[in-house]
Number of protein chains: 2
Amino acid sequence: MRIGELAERTATSPRLLRYYEEQGLIRVGRSANGYRDYDAALVDQVAHIRGLLDAGLSTRIIRQILPCLNEPSEIHFADATPDIIATLEGHRDRLAERIALLTRNHDAIAEYVGSLKQCALGVERAEVGSAA
Amino acid sequence: MRIGELAERTATSPRLLRYYEEQGLIRVGRSANGYRDYDAALVDQVAHIRGLLDAGLSTRIIRQILPCLNEPSEIHFADATPDIIATLEGHRDRLAERIALLTRNHDAIAEYVGSLKQCALGVERAEVGSAA
DNA sequence: TTTGACCCTCACATCCGTGTGAAGGTTCGA
DNA sequence: TCGAACCTTCACACGGATGTGAGGGTCAAA
């Protein structure tokens, strides 16, 4: 498919699809007239990339962890070098830390919201009471 | 304490401490000579803010969820308005989504790294074998 | 054949978090 | 008293993700 269709199907923009290509996040073909030609599988891949980007990862990091994420779950044997493994372990561990941090904050917000709703309920009851 | 000390104790820079103040993330006093004066509790608060920033949240969002996060766990009753509650619920839910996404990716990386290490081990054994 | 909707590249613009440095005031110890 | 080490404000710069638009090619339908 062409860039416009992929942009629409992934709720992004042509500009961003070109940017992701330039950053080495997606592989893109060309048709005879020079137009970019996107494989259907890219709909999911781009959605995946957008998720990671929205979660605050940089294109550099996404590029490094991308081989772990492709569906066919095939292992790239050339990746089994000590430094690549160390890099991935670093990303894995930092992700774990980030998840822990976000979880703590999520729980704090949830608890606070719970109290707030109790409080709002109390006020509401008080108002109804005085109105009656 | 003064800005230099807080910067050192939070591994940030004076520049950033002024920026966080400007963004309404921390409350800062002044001493007679015009120097900023930071409460000791800010060491933890700034560390907290840095964590959220590193996790990809914007100062705008951090400012909104900050009341949920302060330790004394006091409820600001004025916050019990429907729109504030709705905002916080939105942040809470988006945080939950983000955590889920990051967890999926973390697990995928962990699995991939596991396979790679198996693979590297195999190669090592093969090399030892052929050398012997 | 022309027109409109695509596509291309390139470049400049924006916002955000952060760095850097200039120009000047305060404080403290030699 | 002077100098070093702080602090102040202000402004410009940068990198990364994204928008916008100019100038020009391609293609299909009217």
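As a convention, each chain's residues are numbered from 1 in the sequence order in which they are written. Whichever chain is written first becomes A and whichever ligand is written first becomes 1, with later ones labelled in order. Residue-level local features of this predicted model are given only where pLDDT is at least 70; pairs of side-chain atoms are given and counted only at 80 or more, and the full residue set underlies all totals for whole chains, interfaces and linings. Hydrogens and water are ignored here; the side-chain numbers use all heavy atoms of the structure.

Asker: Where do I start with the overall build of chain A in this structure?
Answerer: Think of it this way: any DSSP run of H or I at least four residues long counts as a helix, any run of E at least two long counts as a strand, and we number them from the N terminus. Helices and strands together make up the secondary structure of chain A, namely five helices and two strands. From first element to last, N terminus to C terminus, chain A shows the α and β order α-α-β-β-α-α-α. Every one of the 132 residues in chain A was classed for burial, and the buried ones make up 36%. Should any heavy atoms of two residues lie within 4.5 Å, those residues are considered in contact. Of all intrachain contacts in chain A linking residues separated by at least 6 positions in sequence, the fraction that spans at least 24 positions is 49%. Summed over all atoms, the accessible surface of chain A reaches about 7800 Å², with 52% contributed by carbon and sulfur. Remark: exposure states derive from per-residue accessible area (1.4 Å probe, protein chains only) relative to the maximum for the residue type, with buried under 20%, exposed over 50%, and partly exposed in between. In these tables, accessible area is a Shrake-Rupley quantity obtained with a 1.4 Å probe, and a residue counts as shielded only by the protein chains included in the view.

Asker: I tried to follow the relation of the copies chain A and chain B on my own but got confused; where do I start?
Answerer: Here two copies of a chain appear, and what relates them is a rotation about an axis with a shift along it. Least-squares fitting of chain A to chain B yields an RMSD of 0.0 Å, with the superposition described by an axial translation of 0.0 Å and a rotation of 180 degrees. The transformation relating the two chain copies, once decomposed into turn and shift, fits a two-fold axis. Minimal C-alpha separation from the rotation axis in chain A is found for G56 of chain A, amounting to 2.2 Å. When the copies are superposed, the least-squares fit draws on C-alpha atoms of residues that have pLDDT of at least 70 in both.

Asker: Got a minute to help me understand the nonpolar core in this structure?
Answerer: A general feature of soluble globular proteins is that nonpolar side chains tend to end up buried together. Nonpolar cores were defined as sets of buried Ala, Val, Leu, Ile, Met, Phe, Trp, Tyr and Cys residues, with membership established by side-chain atoms within 4.5 Å. Among the nonpolar cores identified, the biggest contains 70 residues, and Y38 of chain A together with Y38 of chain B are the most heavily contacted of them. Once you skip the residues sitting within four places of it in the chain, Y38 of chain A turns out to touch M1, R2, I3, L6, L17, E21, I26 and V28 of chain A.

Asker: Honestly, the packing of helix 2 (residues 14-22) of chain A against helix 3 (residues 42-54) of chain A in this entry has me stumped. Any pointers?
Answerer: The packing of two helices is summarised by the inter-axis angle and the distance between the axes. Residue and element names in this part refer to chain A. Angles run from 0 to 180 degrees between N-to-C directions of axes, and those axes are lines fitted to C-alpha atoms, restricted for helices to the stretch in contact. The interhelical angle for the contact between helix 2 and helix 3, taken along N-to-C directions, is 85 degrees, at an axis separation of 12 Å. Taken together, the axes of helix 2 and helix 3 lie roughly perpendicular to each other. Contacts between helix 2 and helix 3 involve L16, L17 and Y20 on the former and, on the latter, V46, I49, R50 and L53. Roughly parallel means an angle under 35 degrees; roughly antiparallel means over 145; roughly perpendicular covers 65 to 115; every other angle is labelled oblique.

Asker: How should the protein's contact with DNA strand D be read in this particular structure?
Answerer: We call a residue near a molecule or strand as soon as one heavy atom of that residue lies within 4 Å of the molecule or strand. DNA strand D sits among 20 residues. The nearest are Y19, Y35 and T59 of chain A together with G4 and R36 of chain B. When atoms of DNA strand D within 4 Å of the protein are sorted by moiety, sugar and phosphate together comprise 65%. Two N or O atoms count as a polar contact when they lie within 3.5 Å, although within protein this holds only if one can serve as hydrogen donor and the other as acceptor, and sequence-adjacent residues are included solely when both atoms are side-chain atoms. At 3.1 Å, a side-chain N or O of S13 of chain A approaches a phosphate oxygen of DNA strand D. One nitrogen or oxygen atom from the main chain of I3 of chain B is found 3.5 Å from a phosphate oxygen belonging to DNA strand D. Those elements that place two or more of their residues in the surface near DNA strand D are helix 2 and helix 3 of chain A together with helix 1 (3-9) and helix 2 (14-22) of chain B. The leading source of residues in the surface near DNA strand D is helix 2 of chain A, at four residues. By residue class, the composition of the surface near DNA strand D is seven nonpolar, six polar and seven charged. In this classification, Asp, Glu, Lys and Arg are treated as charged, Ala, Val, Leu, Ile, Met, Phe, Trp, Tyr, Cys and Pro as nonpolar, and every other residue, Gly included, as polar.

Asker: Looking at this model, I keep getting lost on the pattern of salt bridges. Mind explaining?
Answerer: A side chain of one charge can pair with a side chain of the opposite charge if their charged atoms are brought near each other. All names here are of chain A. Basic side-chain nitrogens of Lys or Arg form a salt bridge, by our definition, when they fall within 4 Å of a carboxyl oxygen of Asp or Glu. Inspection of the entire model under this criterion finds 10 salt bridges over all chains. A salt bridge links D54 to R50; the shortest N-O distance between them is 2.7 Å. Taken together, the residues span about one helical turn, with D54 and R50 both in helix 3 at a distance of four residues. For D54, a relative accessible area of 47% gives the class partly exposed.

Asker: I would appreciate a short explanation of the interface of chain A and chain B in the present structure.
Answerer: How big an interface is tends to be stated in terms of accessible area lost as the parts join. In this assembly, 39 residues from chain A lie in contact with 39 residues from chain B. Two parts placed together each lose some accessible area under a 1.4 Å probe, and adding up what both lose gives the buried area. The contact between chain A and chain B buries some 3700 Å² in all, and 78% of this surface belongs to carbon and sulfur atoms. It is L102, I109 and Y112 of chain A that lose the most area in chain A upon contact with chain B, and together they represent 19% of the buried surface on that side. At the boundary of chain A and chain B, one finds six residue pairs in polar contact (both at pLDDT 80 or more). Among the elements of the structure, helix 3, helix 4 (59-69) and helix 5 (82-131) of chain A are those that each provide at least two residues to the side of chain A that touches chain B. Per element, the largest residue contribution to the side of chain A that touches chain B is 23 residues, and it comes from helix 5 of chain A. Grouping the constituent residues of the side of chain A that touches chain B by class yields 24 nonpolar, eight polar and seven charged.

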